[in-house]
Amino acid sequence: MKMLNPQQKPRLERRIVGSTNRWRYPRQPFLGDLLGLSQMCKAANIDFDEVLKNPDRLCFSQIQKIFPENLKNKTIQSGEADVILECLGFKWELHQPQLFQSETLAKLYLMGLARGNASPEKEPMKILQAQRPGRSREQRPVKKMILSLKINDPLVTKAAFATALKNLYMHEVKMCLDDVLGVLAAAHILQFGSLFQRGEPEAWEGRVTRASACSRLRDAAVIMWSPVCMFPQRVLGPLALFFVTQVPRRVPGTQCVTVMMSGLTPSTIKNFYLAGCKYKEEALTTACEKWMEMNLVPLVGTQIHLRKIPKELLHKVLKSPRLFTFSEFHLLKTLLLWVYLQLNSKTETFPMYETVLMFFSSFPKNCSFLDRDVGQNLIPLFLCLRLHSITKGKDLEELRYINFFPESWLVRVTANHYHALENGGDMAHVKDLSTQAVRFGLLFNQEYTTHSKVITIYGFFFEIKGVKHDTTSYSFHMQRIRHTDLECASAVYENTPISLRAERLVTYEIRAQTLVDGKWQEFRTNQITQKFGLVKPSCKSQALKIQTVGIPIYASFSFIFSLS
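All figures in this text were calculated on a predicted structure; none of them were measured in a lab.

**Student:** Would you mind going over the overall build of the protein with me for this structure?
**Tutor:** Helix and strand content of the protein: 24 helices and 14 strands. Every one of the 564 residues in the protein was classed for burial, and the buried ones make up 50%. Of the contacts made within the protein by residues no fewer than 6 positions apart, 66% connect residues no fewer than 24 positions apart. Carbon together with sulfur atoms contributes 52% to the accessible area of the protein, which is approximately 29200 Å² in total.

The following block contains the structure:
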């Protein structure tokens, strides 16, 4: 039987390459025509040996020449929008070069290109061809498209979304602190940074390969079905590199993080920290943790905003060796206030410490607060405290009065104190300076020229002191003093033991931290072991000398009475 109307195979199109006008089939990578391949490489200014290793690179290199240098120009030409984005009840007009700075919008756009198109692989080539120098907007063969994006994140408001889209067209966009959370959320939904920020170092250094660019674009498509997977490699390669290397690189998320890091306050710390965790902005979460290490006791611990501090953040800060506190008892009071505010959510004013003591002492005396169901999950927080650093009898009596800690904890603390007193102050129970040392702090403000505080422990008296030498020069040290040298000496050492030992072996470290241009500067001595006498020069520690323009300065003094 004779077949009617036999289907003919399509003829391959040929084109002329090189100076000798040899014919070549462009869709076939090699075909054994070394002369034609060599001439084509010369015409396209491509390394012939490299093409032999990877013939597909020939197509890629030619198409890459389409990208004009003027795409790197940040100015936006006025004209009709290429895309209408329907989102948050509004219609947003966008232009093609800016559209591809968002991975989310790029995926939506490519899906739109393939939808209802018999030859979707030709559409990306039209995008590239439309960018030839000299083409007018009227000649661009790209159809206007309507895209729809649904956003469920409550942080993304219309104003925040508009600000995020504005970043597509401008180097920097001013944003107020109230809107920055929404802008960051919008930037992550639109995925501004993931496609460009990771590839930016390669792009700047000229190390972006076709394979890596394609891999990034395909990886994005794997997350949800996308017609990107339908495009042939020879088309996807130049298009992906267009996204990575030619489109101006802007990362709005980075700008948001910078604004948030400079706007950390007791009222913003919670939301900024949670946003950093949610959107995996490590720089932001680290900045929040460092800020809290310095300001938990002196600033946050004095305001109602203490209630909002997440338990996870609080735990990290309490474990940090860089945590600043005036004394261990100050840190304990701050933590008790935080627990009180968690249990009394309707309290609108910051409570007095006496109110907190009365609240915890009102529980039945049959067991401590931490032994109750409500206190069990708080034990990891209070295990971070160095209760052995609380030595004043009055403070220890308060701890017994409120019945907060298990009896075994208080017995162990009391036993350690008796053992140290019987052995001339030796702290046999303390081994590690960074995690167990007694710690005190000075907050050196701008108005100070000198600032000092007297501390006493196991009958030994020390003065911790900071001195301002000029506008940027400071020094911090500690020195042993006689109890008789104190002003109002009787009030200071009343009900306090007095040691008559001529020398005291101490292992100590002095640390100073301050914020300069959004970055924390840290200065510290080594761990020093020294015998402190009662006369100079043995009575004075080594000084920590620093040069900084930062203010205030958080100076911490950590020490152990070593075994003598």
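**Student:** I tried to follow the pairing of strand β11 (residues 519-524) on my own but got confused; where do I start?
**Tutor:** Across six bridges, the pairing between strand β10 (residues 504-516) and β11 is antiparallel. Bridge pairing links Val-516 to Lys-519 in β11. Hairpin connection, β10 to β11: the antiparallel pair is bridged by two residues, and Asp-517 has positive phi, about 50°.

**Student:** What is the right way to look at the environment of Ile-151 in this model?
**Tutor:** Along the chain, Ile-151 falls in the loop between β5 (145-148) and α7 (158-166). Residues Ile-151 and Ala-186 lie 35 residues apart in sequence; the distance between their C-alpha atoms is 8.8 Å. In this structure, Ile-151 is in contact with Cys-87, Leu-88, Val-156, Phe-161 and Ile-189, ignoring residues within four places of it in sequence.

**Student:** How should I be thinking about helix α18 (residues 353-361) in this particular structure?
**Tutor:** For an α-helix the count is 3.6 residues per turn, leaving residues at separations of three or four pointing the same way. Within the span of α18, buried status applies to Tyr-353, Val-356, Leu-357, Phe-360 and Ser-361. Buried positions in α18, seen along its axis, are confined to an arc of 125° and lie on one side of it. Each element contacted by the buried residues of α18 is listed here: α17 (328-343) and α21 (393-402).

**Student:** Sorry if this is basic, but what is going on with the packing of aromatic side chains here?
**Tutor:** For any pair of aromatic rings, the description rests on two quantities: the centre-to-centre distance and the angle between the ring planes. Counting across every chain of the model gives 27 aromatic pairs. Between the aromatic rings of Phe-359 and Phe-363, the centroid separation amounts to 5.5 Å while the plane-to-plane angle is 90°, which identifies the pairing as edge-to-face. Exposure remark for Phe-363: the relative accessible area of 24% places this residue in the partly exposed category. A ring pair is formed by Phe-363 and Phe-369, whose centres lie 5.3 Å apart and whose planes are at 75°; its orientation type is edge-to-face. Taking the relative accessible area as the measure of exposure, Phe-369 reaches 1% and is therefore buried. The ring centre of Tyr-353 lies 5.2 Å from the NZ or CZ of Lys-333, which sits over that ring. Residue placement shows Lys-365 over the ring face of Tyr-401; its charged tip is 5.9 Å from the ring centre.

Here is what the cut-offs are and how they apply
Residues numbered from 1 in each chain as written. Predicted model: local features only at pLDDT ≥ 70, side-chain atom pairs only at ≥ 80, totals over all residues. Heavy atoms only, no water. Helix = DSSP H or I, 4+ residues; strand = E, 2+ residues; numbered from the N terminus. Buried < 20%, exposed > 50% of the residue type's maximum accessible area, 1.4 Å probe, protein only. Contact = heavy atoms within 4.5 Å. Areas by Shrake-Rupley, 256 points an atom, 1.4 Å probe, with all protein chains shown as cover. Pairing = 2+ DSSP bridges. Arc of directions from axis to C-beta. Phe/Tyr/Trp six-rings, centres within 6.5 Å; stacked < 30°, edge-to-face > 60°. Lys NZ or Arg CZ within 6 Å of the ring centre and 35° of its normal.

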